[in-house]
Amino acid sequence: MRIVIVGPGALGCLVGGLLSKKAEVWLLDRDPKRAERIIKNQGITCQGASGKWTAKIPATAKAADIGEADLIILCVKAYHTKEALLHARDCIRKDTTVLTLQNGLGHIEVIKEFVDEQNLLVGVTNHGVTLIGEGQIQHAGTGETIIGNLEGFLPARARQIREIFNESGLDTKLSRNIKGVLWSKLIINCGINPVSALTRLKNGQLMHQETCAEVIRGAVTEAVRVAKRGRVQLVYDDPLAKVESVCEATGPNRSSMLQDVLARKKTEIDFINGVILRQARSYGIPTPVNQLLVNLVKTIESSYGEMVDGQGS
Ligand code: PAF
């Protein structure tokens, strides 16, 4: 199976590196210079939960170098989805499967503009992984990956993908309730991600500070109310307990939103808490905690250049 990983971020490197043990894997990067450097640096190197390993996978910025693929795995930030699919165009044939492992919701509508529903798979992964350099990752904690089709059917390709993922060491299951799985992850992210980005605490520290835990519980409780109103079937019974266990399981990890803020990059707040706000508005449900988190994270991402750094002015 020829697999193209779009986006050499933390998750793209982890999944690409592990899958390359069992399949032909390419890394498609929008930055040609970075792709060259990743090749020069011997591909991907990882340390942490999946052990210490190196994967010499080819990287390129030209989709035509790769040719048609059986599977494209989207690992770019949700707000780069359209650009990424346009970039990967030469790899997509009529029956290429596109699997998104991106955080949040909202980008799936964009993917549907490029891919037939029957070739679209949505995945949710709970690995805690941090990019520590180009092609270099710290795997803080393993987690399950769940894959499904939004229509609830499970095509043969999905089973094949599950096999390859599992054989590569990525613990993977299929689900007919992928919408529920997506919302279940969204609810976890809507608490952990903005609060860690604002406090700059690692996941494992968040619930140990009562003042911080209170904010997370507030955001999660609102999000659960919205999901219930939308008749989404969550995949766990106790969302607050689940958030706590994810914080523990990925304790040493800096959430993806914290990593973005530290790198002074745009965050995925619109695709996480922003989704909760939009959905809540349509139901008339108040979500003040999520609104506050959105406002503060948006303030941070639009004022990196103006922040006081404690060193002077
Ligand atoms: O976005 C993230 O960082 C991850 O989804 C999670 C599970 C919160 C771990 O850090």
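Predicted, not measured: the structure shown is a model, and the values here were computed from it.

Overview of the overall build of the chain
Counting its secondary structure elements, the chain contains 13 helices and 12 strands. The burial tally for the chain puts 54% of its 313 residues in the buried class. Sequence separation of at least 24 residues holds for 70% of the intrachain contacts in the chain that already meet a minimum separation of 6. When the 39 positive and 33 negative side-chain charges of the chain are each reduced to one mean point, those points stand 1 Å apart.

Describing unusual backbone geometry
Even without a glycine there, the phi angle at arginine 200 is positive, about 65 degrees. Counting through the fold element by element, arginine 200 comes out in the loop between α7 (178-199) and α8 (203-206). Classification of arginine 200 as partly exposed rests on a relative accessible area of 47%.

Things to note about the domain arrangement of the chain
Size of an interface, as often reported, equals the accessible area lost when the parts are brought together. Entries for the chain in the domain assignment read domain 1 (2-176) and domain 2 (180-301). The distance between the C-alpha centroids of domain 1 and domain 2 comes to 24 Å. Buried area between domain 1 and domain 2, summed over both chains or domains, comes out near 1900 Å², and the portion from carbon and sulfur atoms is 62%. The largest share of the area that domain 1 buries against domain 2 comes from Tyr79, Asn103 and Leu105, three residues that together contribute 36% of it. Run the count over domain 1 and domain 2 and you get 1 salt bridge. Of the charged contacts in the structure, one is a salt bridge between lysine 77 and aspartate 260, with a shortest N-O distance of 3.1 Å. Counting residues per element, the ones that place at least two in the side of domain 1 that touches domain 2 are β8 (120-125), β9 (128-133) and β10 (136-141). For the side of domain 1 that touches domain 2, the leading source of residues is β9, giving 4 residues. When the residues that make up the side of domain 1 that touches domain 2 are grouped by side-chain class, the tally is 12 nonpolar, 10 polar and 1 charged.

Things to note about the state of the cysteines
In a disulfide, the sulfur atoms of two cysteines are held together by a covalent bond. Overall, the coordinates contain 0 disulfides when judged by the stated rule. With no disulfide of its own, cysteine 190 lies closest to cysteine 247 among cysteine sulfurs, the gap being 12 Å. Not part of a disulfide, cysteine 247 finds its nearest cysteine sulfur in cysteine 212, a span of 8.3 Å. In this structure cysteine 247 comes out as buried when scored by relative accessible area, which is 0%.

About the cut-offs
- Residues numbered from 1 in each chain as written.
- Predicted model: local features only at pLDDT ≥ 70, side-chain atom pairs only at ≥ 80, totals over all residues.
- Heavy atoms only, no water.
- Helix = DSSP H or I, 4+ residues; strand = E, 2+ residues; numbered from the N terminus.
- Buried < 20%, exposed > 50% of the residue type's maximum accessible area, 1.4 Å probe, protein only.
- Contact = heavy atoms within 4.5 Å.
- Lys, Arg positive; Asp, Glu negative; His and termini not counted.
- Charge placed at Lys NZ, Arg CZ, Asp CG, Glu CD.
- Domains from an automatic or database assignment.
- Buried area = accessible area lost by both parts, 1.4 Å probe.
- Salt bridge = Lys/Arg side-chain N within 4 Å of Asp/Glu carboxyl O.
- Nonpolar A, V, L, I, M, F, W, Y, C, P; charged D, E, K, R; others polar.
- Disulfide = S-S within 2.5 Å.

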